[in-house]
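Given next are the chains, with one letter for each unit.
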Amino acid sequence: MAQIITTTRALHFHSPWLVAMAMAASMMVAASMANAATFNTDDLVIHDHWQSMTLSLGGERHYRAVETHSYSDATLSLNATSGVCDLPWLEMRVTLEQQQGESRAVNLVPARLRIDEQPVIDTMAEFITERGDDGFYAHFYLSDMQSLIADMRQGEQLFLGFDQEERDPWYMTFSLQGADAAINRMLSQCGGSGAH
C-alpha cells in the first residue's frame, strides 16, 4: 500500500466524460471522507459479508452499503447522499498505520474492476487522504454505475486492480455475499430520506 501512496505522477484527463465525472465526484469525495472521522453511524444492519447504515451529521445524511469481511484493514462501499440518491459512488478505504497530516489527492491511476466473469471495466481511481483520518481512500470514476450496481447485486466477487507504473499491479478481491440486500436497503433508505 505504501508503494502506491508514494508513487505520484501527473495524469491528464483524455475524455470529457472523465472531466465531468471528476467534477461530479468532488462534492461526494469531501462528504465521503468526512464520514469516517466525524459522521454518526446509525441503523446498522448486517447482511452476510455486507452491512448497510446511515451516516449523519446535523441535517446531512449519507447511506452506505459496505463490505468489511474480505480484509481486516480494507473496506469496499457503495454510497449515496440524500437529495442526490441517483448519483451513488464506489469507494475503497484502507486503514493506514497513522493518522494523516493533510487532506490531499495523492494520485490518479488506471484501475480495472470485474465482477465474476463479467467483462473488465477500465477506469481511473483517485487516491485521497484526509487530515486527521487514518484512512486511505480510492474513488472510482465510473460512467455506468447502474450496470455495475446490477452486477454487484447478482455477483459473488468483485475484483479490483490498480496500476503501479513499473511495479506489478496491485489486486484486491471483495465478497459480494449479502451485497444485494445491503444495496437494496441503502437505496431504499436514501430514496425515502426526502420525507425527513
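Look a little higher up for the structure.
It should be emphasised that the depicted structure is a prediction, and the values quoted were computed from it without experimental measurement.

Engineer: Break down the overall build of the protein for me, citing the residues and quoting the values.
Structural biologist: When helices and strands are tallied, the protein shows four helices and 10 strands. When the helices and strands of the protein are placed in sequence order, the string is α-α-β-β-β-β-β-β-β-β-α-β-β-α. Out of the 196 residues belonging to the protein, those deemed buried represent 46%.

Engineer: Kindly report on the packing of helix H3 (residues 145–154) against helix H4 (residues 179–192), identifying the contributing residues and their values.
Structural biologist: Running from N to C, H3 and H4 cross one another at 135°; their axes reach a closest spacing of 7 Å. Compared by their axis directions, H3 and H4 come out oblique. Here H3 contributes Ile149, Met152 and Arg153 to the contact with H4, which in turn contributes Ala179, Asp180, Ile183, Asn184 and Leu187. When its residues are assigned to classes, the contact of H3 with H4 shows five nonpolar, one polar and two charged.

Engineer: How would you sum up the state of the cysteines? Please name residues and give values.
Structural biologist: Counting across every chain of the model gives one disulfide. The residue that forms a disulfide with Cys85 is Cys190, at a sulfur-sulfur distance of 2.1 Å. One disulfide, between Cys85 and Cys190, carries an S-S torsion of -90° and so falls in the left-handed class. With Cys85 in strand S5 (residues 84–95) and Cys190 in helix H4, the pair connects residues that are 105 residues apart, well separated along the chain. Taking relative accessible area as the criterion, Cys85 reaches 22% and is therefore assigned partly exposed.

Engineer: So, unusual backbone geometry: which residues are in play, and what are the values?
Structural biologist: Peptide bonds are trans in most cases, and residues, glycine excluded, mostly fall at negative phi. At Asp43, a residue that is not glycine, the phi angle is positive and equals roughly 55°. Within the fold, Asp43 resides in strand S1 (residues 40–47).

Engineer: Can you break down the packing of aromatic side chains residue by residue, with the values?
Structural biologist: Tallied over the full model, the rule gives five aromatic pairs. Here the aromatic rings of Tyr71 and Phe174 are separated by 5.2 Å at their centres, their planes lie at 65°, and the arrangement is edge-to-face. Note that Tyr71 is positioned in the loop between strand S3 (60–67) and strand S4 (74–81) and Phe174 in strand S10 (residues 167–175), a separation of 103 residues in sequence. Residue classification places Tyr71 among the partly exposed positions, given a relative accessible area of 26%. Among the aromatic residues, those joined into a cluster by ring pairs are Phe127, Phe136, Phe140, Phe162 and Trp170. The side chain of Arg114 reaches across the aromatic face of Phe159, ending 4.6 Å from its centre.

Engineer: Residue-level account of the nonpolar core, with values.
Structural biologist: Membership of the largest hydrophobic core comes to 38 residues, with the highest contact counts inside it found for Leu90, Met92, Phe127, Phe140, Met152, Leu160 and Phe162. When neighbours within four sequence positions are excluded, Leu160 is seen to be in contact with Leu76, Met92, Arg112, Leu113, Phe140, Trp170, Tyr171, Met172 and Phe174.

Engineer: Outline the pattern of salt bridges, supporting the account with residue identities and numerical values.
Structural biologist: Per the counting criterion, the structure on display carries six salt bridges. The residue Glu91 makes a salt bridge to Arg64 at a minimum N-O spacing of 3.5 Å. Linking Glu91 in strand S5 with Arg64 in strand S3, this pair joins segments that are 27 residues apart in sequence. Residue Glu91 is classed as buried on the basis of its relative accessible area, which comes to 2%. The residue Asp134 makes a salt bridge to Arg93 at a minimum N-O spacing of 2.7 Å. Of this pair, Asp134 sits in the loop between strand S7 (121–129) and strand S8 (135–141) while Arg93 sits in strand S5, and the two are 41 residues apart along the sequence. Accessibility expressed as a relative area gives 28% for Asp134, which makes it partly exposed. For Arg93, a relative accessible area of 17% corresponds to the buried category. The structure contains a network of salt bridges with shared partners spanning Arg93, Asp133 and Asp134.

Cut-offs used in this document
- Residues numbered from 1 in each chain as written.
- Predicted model: local features only at pLDDT ≥ 70, side-chain atom pairs only at ≥ 80, totals over all residues.
- Heavy atoms only, no water.
- Helix = DSSP H or I, 4+ residues; strand = E, 2+ residues; numbered from the N terminus.
- Buried < 20%, exposed > 50% of the residue type's maximum accessible area, 1.4 Å probe, protein only.
- Axes fitted to C-alpha atoms, helices over the stretch in contact; angles between N-to-C directions.
- Parallel < 35°, antiparallel > 145°, perpendicular 65-115°, else oblique.
- Contact = heavy atoms within 4.5 Å.
- Nonpolar A, V, L, I, M, F, W, Y, C, P; charged D, E, K, R; others polar.
- Disulfide = S-S within 2.5 Å.
- Phe/Tyr/Trp six-rings, centres within 6.5 Å; stacked < 30°, edge-to-face > 60°.
- Lys NZ or Arg CZ within 6 Å of the ring centre and 35° of its normal.
- Core = buried A, V, L, I, M, F, W, Y, C linked by side-chain atoms within 4.5 Å.
- Salt bridge = Lys/Arg side-chain N within 4 Å of Asp/Glu carboxyl O.

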